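# Residue-level structural notes
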Amino acid sequence: SPETAMIPSMPETAIRTGGMLATGDSFTEGWEVKDHESWPAMVEKLTSVPVINAGTGGYGADQTILRAEQMLPIVKPKILLIGFHEIAITRAGHTAFGAYKPYFTFDNGELRYHPATFVQPREKNTIAWRAAYGIREALGYSAFADYLLSRLNPNFWHGDPDRDLYQRSGADEVDVTCALLQRLKRRTDQDGIHMMLVLQYYATLILESDRPGPYSQAVAACARD
C-alpha cells in the first residue's frame, strides 16, 4: 500500500548529511503519530530531500536552538527547520517546566547560559503538606477547580509534593528566544545554511482563539526582522 511504501524496510544506521535538519519539541518529533506521519517526514516525502528529525519532546525554544547548534556540524544540512509553538516559547523563560532544564538569562545585555540545576526535595511528611494535597485530591473531581488552579498555581495543582514542576528564570521568554534566533542566524549565514522558522499551533489554541498567541506573534516579528 502507499502507506507501507513510505516506511523504510530497515532502520537507518548512518546520518544522511547535506539535506535538511528539523529541530523542535514533540510537535516536531511526531508524538502520538507514526514516524512517517510527522511533519519532517512529510517534508521529506514532498521534496525528496533527506530530513533528519532531531525533535525532542518537552523541549523549550531555548533547548531547541541548543539542539540545532549541537547537530549542525554532524548533519551538515543545507536547510535548517526550527519548530516552535506558544508553549515551547513559554518554556524558554523557565528553569523548570515539568522537569529541570538549562536556561538563559541576560548579563549586561548578553545571553548567559545556565545548566540545569537540581533542587533538594522539600519535606513532605508534615500536617500542612497532608492537608494541602488532601484538598487537591478532593478538588480534582471539579472541572472548574482544574481550570482555575492550573492557571493560578500549576505547581500545586500539577506538581509533585516535594518539588516544583514550574519555576521561572526571571528572563523574558520572547527576548531569550529572539536573542538565540539571532545567534543561530549568524551561524547559519556563516555556514551557508538557509534557516526557516516553522510556527505551529495546538488544538486548544485554535479552538479558543482566532489568532496566534502573543509569544508566537512576537517571535514571528523578530524572526522577520
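What comes next concerns the included structure. Per chain, residue numbering runs from 1 following the sequence as it is written. Only residues with pLDDT of at least 70 are given local features in this predicted model, and only at 80 or more are side-chain atom pairs given and counted; all residues enter the totals for whole chains, interfaces and linings. Computation of side-chain values: all heavy atoms of the structure, hydrogens and water removed.

Let's shift gears to the overall build of the protein. Helix and strand labels come from DSSP, where a helix needs a run of H or I of at least four residues and a strand needs a run of E of at least two; each type is numbered from the N terminus. For the protein, the helix and strand inventory stands at 11 helices and 8 strands. Three labels apply to residues, based on accessible area from a 1.4 Å probe with only protein chains included: buried if under 20% of the type maximum, exposed if over 50%, partly exposed otherwise in between. Counting every position in the protein, which comprises 225 residues, the buried fraction comes to 37%. For the protein, restricting intrachain contacts to residue pairs at least 6 apart in sequence, the fraction spanning at least 24 positions comes to 71%. Only heavy atoms enter the contact rule, under which two residues are in contact if any of them lie within 4.5 Å.

What follows deals with a nonpolar patch on the surface. A cluster of nonpolar residues, Phe-144, Tyr-147, Leu-148 and Leu-152, forms a patch on the protein surface that exposes about 460 Å² of accessible area. Structurally, Leu-152 is set in helix H7 (residues 143-152). In this structure Leu-152 comes out as exposed when scored by relative accessible area, which is 63%. Nonpolar side chains (Val, Leu, Ile, Met, Phe, Trp, Tyr) within 5 Å and like charges within 9 Å form the patches, drawn only from residues with over 30% relative accessible area and no salt bridge. The accessible surface values rely on the Shrake-Rupley method and a 1.4 Å probe; as for residues, cover is taken only from the protein chains in view. Every case where a carboxyl oxygen of Asp or Glu lies within 4 Å of a side-chain nitrogen of Lys or Arg is listed as a salt bridge.

Before going further, it helps to examine the packing of aromatic side chains. Pairing of aromatic side chains requires ring centres within 6.5 Å, counting the rings of Phe and Tyr and the six-membered ring of Trp. Pairs whose planes differ by under 30 degrees are stacked, by over 60 edge-to-face, and all others tilted. Using the criterion set out here, one finds 2 aromatic pairs in the structure. A centroid spacing of 5.0 Å and a plane angle of 90° characterise the contact between Phe-97 and Tyr-166, whose relative ring orientation is edge-to-face. Taken together, the positions of Phe-97 in strand S4 (residues 94-97) and Tyr-166 in strand S7 (residues 166-168) put the pair 69 residues apart, joining distant regions of the chain. A relative accessible area of 22% means that Phe-97 is categorised as partly exposed. Under the relative-accessibility criterion, Tyr-166 is labelled partly exposed at 24%.

Strands belonging to one sheet form pairs held by backbone hydrogen bonds; the direction of such a pair is parallel or antiparallel. Only strands joined by at least two bridges in the DSSP assignment are considered to pair. Pairing in this open sheet of 4 strands is parallel, and the strands run S2-S1-S3-S8 from one edge to the other. Looking along the sheet, the strands with just one partner apiece sit at the ends: strand S2 (51-53) and strand S8 (194-199). Each strand of the sheet is rotated relative to its neighbour by a mean of 20°, with strand direction disregarded. Where strand S1 (residues 20-23) and S2 come together, 3 bridges link them in parallel fashion. Paired with Met-20 across the two strands is Val-51, which belongs to S2. Angular values range over 0 to 180 degrees, each being the angle between N-to-C directions of two axes fitted as lines to C-alpha atoms, with helices fitted over their stretch in contact.

This part is about the nonpolar core. In terms of nonpolar packing, the biggest core is built from 25 residues, with Leu-21, Leu-80, Ile-82, Phe-84, Leu-184 and Val-219 touching the most fellow members. Of all the elements in the fold, those that place two or more residues in this core are helix H4 (61-75), strand S3 (79-84) and helix H9 (173-191). Val-219 has contacts with Phe-84, Ile-89, Val-174, Thr-177, Cys-178, Leu-181 and Leu-197, leaving out every residue within four places of it along the chain. By nonpolar core we mean a set of buried residues, namely Ala, Val, Leu, Ile, Met, Phe, Trp, Tyr and Cys, connected to one another through side-chain atoms within 4.5 Å.

Relative to strand S6 (residues 110-114), strand S5 (residues 103-107) is paired through 5 bridges, and the arrangement is antiparallel. Directly across from Thr-105, in S6, lies its bridge partner Arg-112. Linking two consecutive strands that pair antiparallel, namely S5 and S6, is a turn of 2 residues; a positive phi of about 55° is found at Asn-108 within it.

In this section: unusual backbone geometry. One non-glycine residue, Glu-32, lies in positive phi territory at about 70°. Within the fold, Glu-32 resides in the loop between helix H2 (26-29) and helix H3 (39-47).

Here we come to the pattern of salt bridges. One side chain can pair with another of opposite charge once the charged atoms of both are near each other. Taken as a whole, this structure holds 7 salt bridges when the rule is applied. The salt bridge involving Glu-69 is made with Arg-183; its shortest N-O contact spans 2.9 Å. Of this pair, Glu-69 sits in helix H4 while Arg-183 sits in helix H9, and the two are 114 residues apart along the sequence. Ionic pairing is found between Glu-173 and Arg-168, a salt bridge with its closest N-O pair at 3.1 Å. Its relative accessible area of 3% is what places Glu-173 among the buried residues.

Residues spaced three or four apart along an α-helix point in a common direction, a consequence of the helix completing one turn every 3.6 residues. The terminal C-alpha atoms of H9 lie 27 Å apart, and with 19 residues this matches the ideal 27 Å at 1.5 Å per residue to within 8%. Along H9, the positions that sit buried rather than exposed are Glu-173, Val-174, Val-176, Thr-177, Cys-178, Ala-179, Leu-180, Leu-181, Leu-184 and Thr-188. Two to three positions downstream of the cap, the backbone nitrogen of Val-174 sits 3.0 Å from a side-chain oxygen, assigning the N-cap of H9 to Asp-172. Directly beyond the C-terminal end of H9, a positive phi value near 70° is found at Gly-192. Working rule for helices: expected span equals 1.5 Å times residues minus one. What qualifies as a polar contact is a pair of N or O atoms within 3.5 Å, subject to a donor-acceptor requirement within protein and to the restriction that residues adjacent in sequence count only when both atoms come from side chains.

Coordinates in, geometry out; function isn't part of it.
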